[in-house]
Amino acid sequence: ILNVEQSPQSLHVQEGDSTNFTCSFPSSNFYALHWYRWETAKSPEALFVMTLNGDEKKKGRISATLNTKEGYSYLYIKGSQPEDSATYLCAFGGSQGNLIFGKGTKLSVKP
Amino acid sequence: DGGITQSPKYLFRKEGQNVTLSCEQNLNHDAMYWYRQDPGQGLRLIYYSQIVNDFQKGDIAEGYSVSREKKESFPLTVTSAQKNPTAFYLCASSLDFSGYTQDTQYFGPGTRLTVL
């Protein structure tokens, strides 16, 4: 059974803090790692798709890194803002075909 | 506006009834998916379709059925055989099947189904 783990489960930070969280996935038969942001009462929104070991992607204050050899990806948020409050999902794409989603990290940013 | 619509937003069902959840996309995507979310769990794949008139079971297909007669539509029927149907259901689509192409999935707003 393929397992995708995200940690921590939840995170509370103050506005202006930088934060990061982890997605762990199988290191074999890797195709891609997806990150999504899911705000309350909205649809999950794609952040990044990462395919190569050592990939780094950036969108504004959010960035992500990928290590396919050891099976992990980090998501970083620099200078968190209240509008960053959301659940961040990662999804592993491998030879099994369909994406396997983690349970998410719920981020709350207090003003 | 291009996107994915799901209806209804909230759905209540009596035990023993079948219900159908609607999912429509105007993104001209070939692949469509249905996921289920339960508290404390990740999204779990129910069914997916890579192309019109074709669909495959996901990880938790028992008690569900789908059809894909049109490219833009992928309705999900929750049958009375589904033992615990109360959940949040998300529909998604991608240009091609995400598993092999790394294509991003685009999600609808979801339907919350409650069995009374």
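Just above sits the structure.
Residues numbered from 1 in each chain as written. Chains lettered and ligands numbered in written order. Predicted model: local features only at pLDDT ≥ 70, side-chain atom pairs only at ≥ 80, totals over all residues. Heavy atoms only, no water.

**Here we look at the sheet that holds strand S3 (residues 19–24) of chain A**
Residues and elements named next belong to chain A.
Reasoning step 1: With antiparallel pairing, the five strands of this open sheet are ordered in space as S1-S3-S8-S7-S6. The sheet is open, and its two borders are formed by strand S1 (5–7) and strand S6 (56–59), each paired with just one other strand. Across the sheet, the mean angle separating the axes of adjacent strands is 15 degrees when strand polarity is ignored.
Reasoning step 2: One ladder, built from six bridges, connects S3 with strand S8 (residues 72–77); its direction is antiparallel. Within S8, the position partnered with Phe 21 by the bridge is Leu 75. (Pairing = 2+ DSSP bridges. Helix = DSSP H or I, 4+ residues; strand = E, 2+ residues; numbered from the N terminus. Axes fitted to C-alpha atoms, helices over the stretch in contact; angles between N-to-C directions.)

**Regarding the state of the cysteines**
Reasoning step 1: Counting across every chain of the model gives two disulfides over all chains.
Reasoning step 2: Paired by a disulfide, Cys 23 of chain A and Cys 90 of chain A hold their sulfur atoms 2.0 Å apart. Around the S-S axis, the bridge from Cys 23 of chain A to Cys 90 of chain A shows a dihedral of about 80 degrees and counts as right-handed. Taken as a pair, Cys 23 of chain A in strand S3 and Cys 90 of chain A in strand S9 (residues 86–94) lie far apart in primary sequence, 67 residues in all.
Reasoning step 3: Of the residues examined, Cys 23 of chain A reaches a relative accessible area of 0% and is grouped as buried.
Reasoning step 4: Overall, Cys 90 of chain A belongs to the buried group, its relative accessible area being 0%.
Reasoning step 5: A sulfur-sulfur separation of 1.8 Å characterises the disulfide bridge that pairs Cys 23 of chain B with Cys 91 of chain B. Judged by the torsion about the S-S bond (-75 degrees), the Cys 23 of chain B/Cys 91 of chain B disulfide is left-handed. (Disulfide = S-S within 2.5 Å. Buried < 20%, exposed > 50% of the residue type's maximum accessible area, 1.4 Å probe, protein only.)

**What to know about the sheet that holds strand S8 (residues 76–78) of chain B**
Residues and elements named next belong to chain B.
Reasoning step 1: The strand order across the open sheet formed by four strands is S1-S3-S8-S7, and the pairing between neighbours is antiparallel. Edge positions in the sheet fall to strand S1 (4–7) and strand S7 (64–66), since each has one partner strand and no second. For this sheet, the mean inter-axis angle between neighbouring strands, taken without regard to orientation, is 20 degrees.
Reasoning step 2: Pairing of S7 with S8, which is carried by three bridges, proceeds in the antiparallel orientation.

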